[in-house]
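Listed here are the chains, written in short residue letters.
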Amino acid sequence: MLKDIETHEVLNQPPPLEGYNLFTSDRVLADAVSREGAPWARSDLEALGSLAGEPATLELGRLANVNRPELRTYDRFGHRIDVVDYHPAYHELMGTAIGFGLHAAPWSDPRPGAHAARADKVITRYQVEAGHVCPVSMTYSVVPALRHQPDLAAQWEPSITATVYDPADVPAEGKAGITCGMALTEKQGGSDVRANTTVAEADPTEPGVYRLVGHKWFCSAPMSDAFLMLAQAASGLSCFWVPRWCPDGSRNPIRIQRLKDKLGDRSNASSEIELAGVVGWLVGEEGRGVRTIIEMVNHTRLDCILGATAVMRQGLAQASWHAAHRSAFGRLLIDQPLMTNVVADLALESEGATLAAMRLARSYDAAEGNEHERLIQRLVTPVIKFWACKRAPQHAAEALECLGGNGFVEESPMPRLFRQSPLNGLWEGSGNVICLDVLRAMLREPETIDAFWAEMALATGADPRFDRAVDVLKSELAATDSIEGRARHLVERMALVFEAALVLRFSAAAVADAFCASRLDRGAEAVFGALPPSADTRAILRRSVPWAG
Ligand SMILES: Cc1cc2nc3c(=O)[nH]c(=O)nc-3n(C[C@H](O)[C@H](O)[C@H](O)COP(=O)(O)OP(=O)(O)OC[C@H]3O[C@@H](n4cnc5c(N)ncnc54)[C@H](O)[C@@H]3O)c2cc1C
């Protein structure tokens, strides 16, 4: 008789956050896209945003991560094949991203605002699934570096920029669309690539062709059709275009030794490779490898910022959704003053990062032919890369906590978000290396800091706390003693005033006031959720998330 009795009814559990438009529900991002030069992209961005929120799309993201890529080193006859098998969900994600031009649209259709439109798409797509954005980002970033070698660029750009994803493991020459990777890091050094030991010898039988021998300790997306690699040539560290297959149809001997077992980013295969005399073509001048590859690195740094921004937006979306649908102690969580404070603070962080990321994307559109934008691009890319990537893991942890125990359970999207959150900080220069790059930029091109102050001047007078913070920063930067040891502090403050200037100019008054109060006056080291009583947390939430106002 007891067997027919229901043990419990499911009560007070929020519905999943799905069936929403990631673009139109993010007013901060949607406004920024128009402001930073891409109002023309709106219908495309809406379509991508709608697709991104569909349950079937979100399920692809889950599937691509629980079914990790697998390496097959040999075929059944013992021949070396070095093939990585991915779940079909990964390929579908790749196909959509490439179909929407995330991998190259600003190169094939370089109209004003093209980088801004793409930046929006990356932020949106990254929230669905982060791992596949890595090869997409590398493919995008390879183009400006490859242009250092015009003949190679002319040969390969059409298939790099084609909106066709073709995962077939065949020579690139036979494919309508190709993807690219980069292999710089070696066991003895990732930040210090000048310590690379891989050697490249000019092939005496084939002019322009080199043979590379050595290893790379990290090589993500090893099934890419071609890679940019660094190796020591006769004149020093040089950059090479290394296809997965040789033009004669033989396999280039890129031996995938194993795949990394990673904290996050699990849909994306990251490998260790050995280079057993692989064929490569020089890109740029021999001995100028760092100068060439830095073009690629700068663009992937922008994508690290976009990735960190996406982590924070998705954390905010999930946290606010949960809090708006779950009650405790007789009230919705979102109406509990302390939770309102936490979520509003997460919203402020997300908004600051979004405005900065999109402003920076504009500088990528305008840098050519506009000196101010070039200087902003040069200096502010590492500044915001440092800060957004540092904030993302803290933000993800706090957002996860908003979901209580549900946030810690693997069925929730939060563990994946949390595991992904530190990665952009590591990629393309870890925190210290990035701070040193900021110092280098200001030292080698003092005009960069002039451009920075000119940008800050656009918000002067809007809030005395901002004016004070800029004055203090100016005096801190003027004191050159032990500047290297102070670099993290300085870069953090630069990022905060840069974000504050944008917030003061373009955000709602409540956002601007709370941003200055919590980030300029009181110091950004405070935990999330410590906004002062004067903060209009309701107004902040109303602006950020449609379901939590
Ligand atoms: C998932 C994943 C995928 C990756 N994919 C690729 C890839 O596809 N291609 C590729 O080339 N690489 C890839 N990498 C490697 C990544 O770029 C490097 O790990 C990164 O550049 C850091 O290099 P490292 O690991 O050798 O650390 P190190 O260079 O040894 O740095 C260790 C620490 O020392 C700090 N440090 C270094 N120099 C200084 C200094 N002068 N002063 C103060 N502190 C300093 C750094 O900030 C860092 O915190 C990947 C890494 C990960 C985790």
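Preceding this paragraph is the structure being described.
Fair warning: this is a prediction, and the values are worked out from it, not measured in the lab.

Details of the packing of aromatic side chains
Piece 1. Per the stated rule, a full pass over the model turns up 8 aromatic pairs.
Piece 2. Relative to W547, the ring of W321 lies with its centre 5.4 Å away and its plane at 85°, an arrangement referred to as edge-to-face. Residue W321 is located in helix α9 (residues 289-325), and its partner W547 is located in the segment after α19 (537-544); the two are separated by 226 residues in the primary sequence.
Piece 3. When its relative accessible area of 16% is taken as the criterion, W321 is described as buried.
Piece 4. A relative accessible area of 17% means that W547 is categorised as buried.
Piece 5. Plain terms: the ring middles of F452 and F498 are 6.1 Å apart, the flat faces sit at 25° to each other, and that makes the pair stacked. Of this pair, F452 sits in helix α15 (residues 447-457) while F498 sits in helix α17 (residues 487-506); the two residues are 46 residues apart in sequence, bridging distant segments of the chain.
Piece 6. Residue classification places F498 among the buried positions, given a relative accessible area of 1%.
Piece 7. Pairwise contacts between aromatic rings join Y20, W321 and W547 into one cluster.

Comments concerning the packing of helix α10 (residues 337-366) against helix α18 (residues 509-521)
Piece 1. Packing of α10 against α18 brings their axes to within 10 Å, and their N-to-C directions diverge by 100°. The angle between the axes of α10 and α18 places the two elements in the roughly perpendicular class. When α10 is examined against α18, the residues D345, L348, E349, E351 and G352 are found in contact with a partner set consisting of V511, A514, F515, S518 and R519.
Piece 2. Here the residues of the contact of α10 with α18 sort into 4 nonpolar, 2 polar and 4 charged.

A few points about the site of the ligand
Piece 1. In the vicinity of the ligand there are 19 residues, among which L184, T185, G190, S191 and S220 approach most closely.
Piece 2. One nitrogen or oxygen atom from the main chain of L184 is found 2.7 Å from an oxygen atom belonging to the ligand.
Piece 3. For the ligand, the protein covers 66% of the area, taking 970 Å² as the surface of the free molecule.
Piece 4. Elements with a contribution of two residues or more to the shell around the ligand: β3 (180-183), β5 (209-220), α13 (423-426) and α14 (431-444).
Piece 5. A breakdown of the residues in the shell around the ligand according to their chemical character gives 10 nonpolar, 8 polar and 1 charged.

Examining the nonpolar core
Across soluble globular proteins, nonpolar side chains have a tendency to be buried as a group.
Piece 1. Ranked by internal contacts, the top residues of the largest apolar core, which has 182 residues, are W241, I384, F452 and F466.
Piece 2. In terms of residue count, α9 provides more of this core than any other element does, 17 residues in total.

Quick notes on the environment of D44
Piece 1. Its location among the elements puts D44 in helix α2 (residues 42-53).
Piece 2. Among the residues examined, D44 registers a relative accessible area of 31% and is labelled partly exposed.
Piece 3. Spatially, the C-alpha atom of D44 lies 9.1 Å from that of K121, the residues being 77 residues apart in sequence.
Piece 4. Setting aside its immediate chain neighbours within four residues, D44 contacts F100 and K121.

Some points on a positive patch on the surface
Piece 1. Together, R194, R288, R291 and R444 make up a positively charged patch on the protein surface.
Piece 2. In this fold, R444 is placed in helix α14.

Definitions and cut-offs
In this numbering scheme, every chain counts its residues from 1 along its sequence in written order. It should be noted that, the model being predicted, local features are given only for residues of pLDDT at least 70 and side-chain atom pairs only at 80 or more, the latter also being counted only at that level, while totals for whole chains, interfaces and linings use all residues. Excluded from the side-chain calculations are hydrogens and water; all other atoms, namely the structure's heavy atoms, are used. Only Phe, Tyr and Trp rings are paired, with Trp represented by its six-membered ring, and only when their centres lie within 6.5 Å; those with planes under 30 degrees apart are stacked, over 60 edge-to-face, the remainder tilted. Secondary structure elements follow DSSP: runs of H or I no shorter than four residues count as helices, runs of E no shorter than two count as strands, and numbering proceeds from the N terminus. Burial classification: accessible surface area is computed with a 1.4 Å probe over protein chains only, and a residue below 20% of its type maximum counts as buried, one above 50% as exposed, and the rest as partly exposed. Only the stretch in contact is used when a helix axis is fitted, and all axes are lines through C-alpha atoms; the angle between N-to-C directions ranges over 0 to 180 degrees. If an angle is under 35 degrees, it is roughly parallel; if it is over 145, roughly antiparallel; if it lies from 65 to 115, roughly perpendicular; otherwise it is oblique. Between two residues, a contact is recorded if the distance between any of their heavy atoms is within 4.5 Å. Ten residue types, Ala, Val, Leu, Ile, Met, Phe, Trp, Tyr, Cys and Pro, are classed as nonpolar, four, Asp, Glu, Lys and Arg, as charged, and the remainder, Gly among them, as polar. Only heavy atoms are used to decide nearness, and a residue is near a molecule or strand if one of them lies within 4 Å of it. Definition of a polar contact: a pair of N or O atoms within 3.5 Å, with one able to donate and the other able to accept a hydrogen when the atoms are protein atoms, and with sequence-neighbouring residues admitted only if both atoms are side-chain atoms. Using a 1.4 Å probe, the Shrake-Rupley method yields the accessible areas, and only the shown protein chains count as cover for residues. Grouping buried Ala, Val, Leu, Ile, Met, Phe, Trp, Tyr and Cys residues that are joined through side-chain atoms within 4.5 Å yields what is termed a nonpolar core. Here a patch means residues that are over 30% exposed by relative accessible area and free of salt bridges, tied together within 9 Å if like-charged and within 5 Å if nonpolar (Val, Leu, Ile, Met, Phe, Trp, Tyr). We count a salt bridge whenever a side-chain nitrogen from Lys or Arg sits within 4 Å of a carboxyl oxygen from Asp or Glu. Only four residue types enter the charge count, namely Lys and Arg as positive and Asp and Glu as negative; His and the chain termini do not. One atom stands in for each charge, and that atom is NZ of Lys, CZ of Arg, CG of Asp or CD of Glu.

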